[in-house]
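What the coordinates show
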Amino acid sequence: MSISYASPSSGNLASMGTNSNSSSSNSISSMLNRQVKVIPLQHPSTSSNQQSSSSSTDASVFKKWKTKAERMTWLEWMKFFFPCIRWISTYNVSEYLQPDLMAGITVGIMLVPQAMSYAKLAGLHPIYGLYSGSIPIFIYAIFGSSRQLAIGPVALVSLLVSNVLGKIADPTDALYTQLAILLALMVGILECVMGILRLGWIIRFISHSVISGFTTSSAIIIALSQAKYFLGYSIVRSSEIIPLIESVIAGAHQFSWRPFVMGSSILAILLIMKHLGKTKKSLRFLRAGGPLTAVVLGTAFVKIFHPASISVVGDIPQGLPKFSVPKSFDHVRSLIPTALLITGVAILESVGIAKALAAKNGYELDSNQELFGLGVANICGSFFSAYPTTGSFSRSAVNHESGAKTGLAGLTMGVIMCCALLFMTPLFRDIPQCALAAIVISAVMGLVDYDEAIFLWRVDKKDFFLWTVTSVTTLFLGIEYGVLIGVGFSLAFVIHESANPHIAVLGRLPGTTVYRNSKQYPEAYTYHGIVIVRIDAPIYFANTSFIKERLQEFEINTDDGSNKRGPEVERIYFVILEMAPVTYIDSSAVQAIRDLHQEYKSRDIQIAISNPNREVLLALANSGVFDQIGKEWFFVRVHDAVQVCLQHVQSLNESPKSIDLLNEKKSNFFQRLSKHQENDGSSSTESESGNKETRIFIHPDETGDRRPDRPISLFGRQWRAGESEKNPHTEPLLPRKD
């Protein structure tokens with residue numbers, strides 16, 4: 001739908017003549033005004049919308065949830081609270097049972113030695129690693145929505161636990177273990193609260209480059225912390241690389257070659273098996289069997305040769321964990337930062353790999369439901385002596401590659417862990433510590449992501465800077481400072497980008513009504529006296545000053561090197577704001593637009609706004625800015641705004657010359673018209689490039705078609721446009737045949 005739009009008088013924009021010639025000026029202004037075909041903008045009804053604008057969004061959200069809740073059946077409610085029902089109700093025994101059992105057994109065998117290794121990394125007795133890999137798995141299988149995610153102890157969380165608890169208590173004290181269990185309860189509560197309130201989106205502000213730099217440095221610190229089991233002597237417990245290296249050098253005289261040779265040999269076997277399992281599909285079982293092979297070889301060597309210089313795990317209690325309530329709640333405040341950090345790691349790693357595996361296996365996954373499932377698993381695990389657990393990237397990958405189809409694979413892992421606790425703990429007594437250390441080192445070597453740094457250097461120097469800063473600060477200042485500084489820089493970049501949005505000057509692509517960034521499309525041309533600006537971000541209090549400064553620059557620096565068309569004028573008369581990318585404006589932005597309109601008005605500059613969305617238009621209407629600027633200066637398309645503004649610029653450019661026409665005889669009009677047609681050919685190209693001899697300027701409509709039947713009234717006569725042989729975009733005037 002379109003309407004004929006007659007632009008208002010431009011007397012407020014520039015002086016059209018002296019007071020003595022005011023009547024002549026008005027008649028010529030009406031002569032030069034023409035009908036422009038413009039798509040009407042649906043103006044908001046401020047009377048009805050103003051009352052409900054503040055609560056419309058919230059009401060719609062609540063109404064949506066209410067409608068959805070009313071339509072849900074009892075089975076859908078059961079699936080909502082217990083996601084395991086989704087795969088149980090559609091379980092295909094003949095197709096899923098065998099791969100689920102094989103995947104569960106494979107990952108379960110892999111988890112037993114890894115759980116003990118990660119518990120040692122956390123400063124705990126190996127039995128707590130087995131506890132953490134048993135009860136939470138069963139709980140997650142019920143409340144978790146991922147069918148391939150393998151949860152349990154992981155290296156990064158174990159390092160975080162060791163780092164914070166080592167500053168509060170000694171690992172040999174009972175308080176140390178109590179605080180680790182309390183930390184699991186706190187992490188579970190945080191994860192459940194974030195899942196219920198659907199706050200998982202908060203972690204999106206931490207960029208992937210920060211996480212990559214953090215995990216790379218953490219992997220190096222984890223590997224160095226396990227060096228004591230290879231070297232045969234104790235080193236300082238620290239999350240900083242300098243104290244670790246100094247401690248290793250200071251105790252070099254205590255070096256023992258036997259654990260070093262055994263640990264290095266087992267590490268080499270693990271890396272070879274992992275490489276073969278990744279590169280060759282027929283040998284995938286080697287990747288999962290690596291930790292078990294390391295434990296078996298190390299234990300067999302110790303039982304046969306009984307080397308005194310190689311330390312072993314020692315006695316491990318037999319039986320399932322007993323129910324107990326976490327203690328030492330007086331240390332909750334000191335554990336809150338670490339609980340938040342572990343929760344962030346859970347969201348970034350566990351939810352990330354869970355969504356990726358869900359996409360590969362063809363089912364949907366709700367990240368908030370997933371976060372809730374992890375939280376319930378940690379809460380229940382804390383009542384059975386488990387320390388914080390989360391999803392493991394490596395075990396989840398093995399679980400997927402082994403063919404896991406449903407959560408039955410996770411239940412099988414839990415059964416394997418329970419069998420190990422009930423029947424196999426006496427066999428774990430002679431596992432060498434260096435074998436467990438080799439398992440940890442082989443697992444974290446995959447976290448060292450230098451390829452990511454090279455990729456970021458090629459693609460985005462800013463992200464490479466974030467990666468470097470996070471990695472260096474984590475190495476030299478510790479994990480907490482590394483995360484805080486990395487997240488701080490990440491948020492600083494987000495704020496900077498938001499406060500300094502991209503603003504482009506648009507130009508018209510030749511032969512179209514499409515307007516694009518003139519820097520990206522050098523062939524696009526602009527018009528004299530008109531600047532078209534696109535703001536590519538929401539407008540709010542933090543970026544209003546920047547936007548106003550850029551608009552002032554565009555007003556002053558009109559010679560930007562782009563192609564110029566249209567009648568030549570000395571300055572800017574119109575500023576067109578393309579607001580299609582502007583999804584939101586706040587009260588500060590509304591006031592800034594109001595002030596900008598007043599400043600422009602004092603300098604005879606008119607603002608035109610193109611394609612604002614409903615929320616933006618409603619905010620401008622409720623604040624009175626809509627009526628202050630004028631309804632006629634709001635447009636659906638940039639091209640409509642340009643047509644109207646260009647008509648005004650044309651009248652401003654030609655009025656002084658047209659006033660002289662009134663003093664001449666009407667009989668000379670046809671002579672001047674013929675002369676103009678012969679010399680200029682009424683070329684729109686010449687007119688748009690600023691040919692001052694052009695008298696009448698008529699633009700095509702949006703399709704570029706000529707409109708020869710459009711009547712134009714001049715001196716009481718009816719005229720119509722005729723076609724020019726040189727350029728059809730702008731037509732000379734010919735007498736209309738009645």
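Above this text is the structure in question.
This report concerns the structure included in the present document. Everything quoted here is computed from the prediction, not taken from an experiment.

The subject of this paragraph is the overall build of the chain. Helix and strand counts for the chain stand at 30 helices and 15 strands. Per-residue burial for the chain yields a buried fraction of 50% across its 738 residues. Long-range contacts, defined here as pairs at least 24 residues apart, represent 79% of the contacts in the chain between residues at least 6 apart. Working note: accessible area of the chain is about 34,800 Å², and carbon and sulfur atoms make up 59% of it.

Bringing the pattern of salt bridges into the picture now. Side-chain pairing between opposite charges can occur once the charged atoms of the two side chains come close. Counting across every chain of the model gives 9 salt bridges. Across the pair Asp536 and Arg534 runs a salt bridge, and its minimum N-O distance is 2.7 Å. Here the salt bridges share partners, and the residues they tie into one network are Lys303, Asp315, Arg429 and Asp430.

Following the sequence through the fold, Thr544 ends up in helix α24 (residues 544-556). Thr544 gets classed as buried once you look at its relative accessible area, which sits at 11%.

Ranked by internal contacts, the top residues of the largest apolar core, which has 55 residues, are Ile530 and Leu620. No other element matches the 8 residues that helix α28 (residues 638-662) contributes to this core. Sequence-distant contacts of Ile530, that is, excluding residues within four places in its chain, are made with Ile572, Phe574, Ile576, Val642, Cys645, Leu646 and Val649.

Before going further, it helps to spend a moment on the layout of surface pockets. Approximately 940 Å³ is the volume attributed to the largest pocket. Surrounding the largest pocket, 37 residues form its lining, Glu349, Phe393, Ser394, Gly446 and Leu447 being those nearest its centre. When contributions to the lining of the largest pocket are tallied by element, the ones reaching two or more residues are α6 (93-121), α9 (155-165), α11 (208-225), α14 (257-279), α15 (284-305), α16 (332-361), α18 (393-401) and α20 (433-444). Residues that form the lining of the largest pocket fall into these classes: 19 nonpolar, 12 polar and 6 charged.

Right, let's get into the packing of aromatic side chains. What the rule picks out here adds up to 20 aromatic pairs. Measuring from ring centre to ring centre gives 5.5 Å for Phe465 and Phe489, while their planes differ by 80°; the resulting arrangement is edge-to-face. You can see Phe465 sitting in helix α22 (residues 461-477) and its partner Phe489 sitting in helix α23 (residues 479-499), a full 24 residues away along the chain. Of the residues examined, Phe489 reaches a relative accessible area of 33% and is grouped as partly exposed. Over the ring of Tyr363 we find Arg147; its NZ or CZ atom is 4.5 Å from the centre of that ring. The ring of Tyr525 carries Arg565 above its face, with NZ or CZ at 4.0 Å from the centroid.

Turning our eyes to something else, we now look at the environment of Thr512. Its location among the elements puts Thr512 in the loop between β5 (503-508) and β6 (515-517). At 3.2 Å, the side chain of Thr512 forms a polar contact with the backbone nitrogen of Val514.

This part is about the environment of His639. Mapped onto the fold, His639 is located in helix α28. Classification of His639 by relative accessible area gives buried; the value is 2%. Along the backbone, His639 and Thr512 are 127 residues apart, and their C-alpha atoms lie at a distance of 9.7 Å.

Once that is clear, we can look at the packing of α11 against α22. Between α11 and α22, the least distance of the axes is 8 Å, while the angle of their chain directions is 30°. Judged by the angle between their axes, α11 and α22 are roughly parallel. Where α11 crosses over α22, the handedness of that crossing is right-handed. Only Asp463, Leu466, Trp467, Thr470, Ser471, Val472, Thr474 and Leu475 of α22 make contact with α11, whose side of the interface consists of Ser209, Val210, Ser212, Gly213, Phe214, Thr216, Ser217, Ser218, Ile220 and Ile221. Grouping the constituent residues of the contact of α11 with α22 by class yields 8 nonpolar, 9 polar and 1 charged.

Taken as a whole, this structure holds 0 disulfides when the rule is applied. Cys192 forms no disulfide, and the closest cysteine sulfur to it belongs to Cys380, at a distance of 8.5 Å. Among the residues examined, Cys192 registers a relative accessible area of 8% and is labelled buried. Not part of a disulfide, Cys418 finds its nearest cysteine sulfur in Cys419, a span of 7.0 Å.

Now for unusual backbone geometry. Even without glycine at this site, Ser328 takes up a positive phi of about 60°. Mapping Ser328 onto the fold places it in the loop between α15 and α16. Although it is not a glycine, Asn611 adopts a positive phi angle of roughly 55°. Examined against the element boundaries, Asn611 turns out to sit in the loop between β11 (606-610) and α26 (614-622). By relative accessible area, Asn611 is classed as partly exposed at 33%.

Looking now at the pairing of β5. The element β5 is largely enclosed, with a buried count of 6 among its 6 residues. Of the two faces of β5, the one carrying Ile503, Val505 and Gly507 and the one carrying Ala504, Leu506 and Arg508 are both buried. In this sheet, strand β8 (residues 530-535) lies alongside β5 in antiparallel orientation, the contact comprising 3 bridges. Along β8, the bridge assignment pairs Ala504 with Arg534. Note: β5 against β6, 3 bridges, orientation antiparallel. Looking at β6, one finds that Gly507 is bridged to Arg516.

On to the side chain of Ser518. By the element assignment, Ser518 lies in the loop between β6 and β7 (525-527). The contact partners of Ser518, leaving out residues within four places of it in the chain, are Val505, Leu506 and Gly507.

Among the 6 residues of β8, 6 are classified as buried, and the element is accordingly described as predominantly covered. Here β8 shows no split at all, with Ile530, Ile532 and Arg534 on one side and Val531, Val533 and Ile535 on the other all buried.

What counts, and at which threshold
- Starting afresh in each chain, residues are numbered from 1 along the sequence in its written order.
- For this predicted model, a pLDDT threshold of at least 70 governs which residues receive local features, and a threshold of 80 or more governs which side-chain atom pairs are given and counted, while totals over whole chains, interfaces and linings are taken from all residues.
- Side-chain measures were taken over the full set of non-hydrogen atoms in the model, leaving aside hydrogen atoms and water.
- Put simply, DSSP H or I for four residues or longer makes a helix, DSSP E for two residues or longer makes a strand, and each gets a number counted from the N terminus.
- Under the scheme applied here, a residue whose accessible area is under 20% of the maximum for its type counts as buried, over 50% as exposed, and between as partly exposed, the area being computed with a 1.4 Å probe on protein chains only.
- Note on contacts: a residue pair is in contact if any heavy atoms of the two residues lie within 4.5 Å.
- Residue-level accessible areas treat just the shown protein chains as cover; the underlying method is Shrake-Rupley with a 1.4 Å probe.
- The term salt bridge refers to a side-chain nitrogen of Lys or Arg lying within 4 Å of a carboxyl oxygen of Asp or Glu.
- Take the buried Ala, Val, Leu, Ile, Met, Phe, Trp, Tyr and Cys residues and link them wherever side-chain atoms come within 4.5 Å; each set so joined is a nonpolar core.
- In this analysis, the protein atoms alone were mapped onto a 1 Å grid. Cavities are point sets where a 1.4 Å probe fits without being able to get out; pockets are open sets with protein on both sides within 12 Å along at least five of seven lines; lining residues have an atom within 4 Å of a point.
- Grid points are joined across faces, edges and corners, and a volume is the space filled by probe spheres set on the points.
- By the convention adopted, Pro, Cys, Tyr, Trp, Phe, Met, Ile, Leu, Val and Ala count as nonpolar, Lys, Arg, Asp and Glu as charged, and the other residues, Gly among them, as polar.
- Pairing of aromatic side chains requires ring centres within 6.5 Å, counting the rings of Phe and Tyr and the six-membered ring of Trp. Pairs whose planes differ by under 30 degrees are stacked, by over 60 edge-to-face, and all others tilted.
- Placement of a positive charge over a ring is assigned whenever Lys NZ or Arg CZ falls within 6 Å of the ring centre and within 35 degrees of the normal to the ring plane.
- Polar contacts, as counted here, are pairs of nitrogen or oxygen atoms within 3.5 Å of one another; within protein the pair requires one atom able to donate a hydrogen and one able to accept it, and residues that are adjacent in sequence qualify only if both atoms are side-chain atoms.
- Note on method: axes are straight lines fitted to C-alpha atoms, helices fitted across the in-contact stretch only, with angles between N-to-C directions ranging 0 to 180 degrees.
- Here the angle decides the label: under 35 degrees means roughly parallel, over 145 means roughly antiparallel, 65 to 115 means roughly perpendicular, and every other value means oblique.
- Take the far helix as your reference; a near helix turned counterclockwise from it by less than a right angle gives a left-handed crossing, and one turned clockwise gives a right-handed crossing.
- By convention in this document, the label disulfide applies to cysteine sulfur atom pairs within 2.5 Å.
- Strand pairing is assigned whenever DSSP identifies at least 2 bridges connecting the two strands.

Limitation: the analysis is restricted to geometry and does not speak to function.
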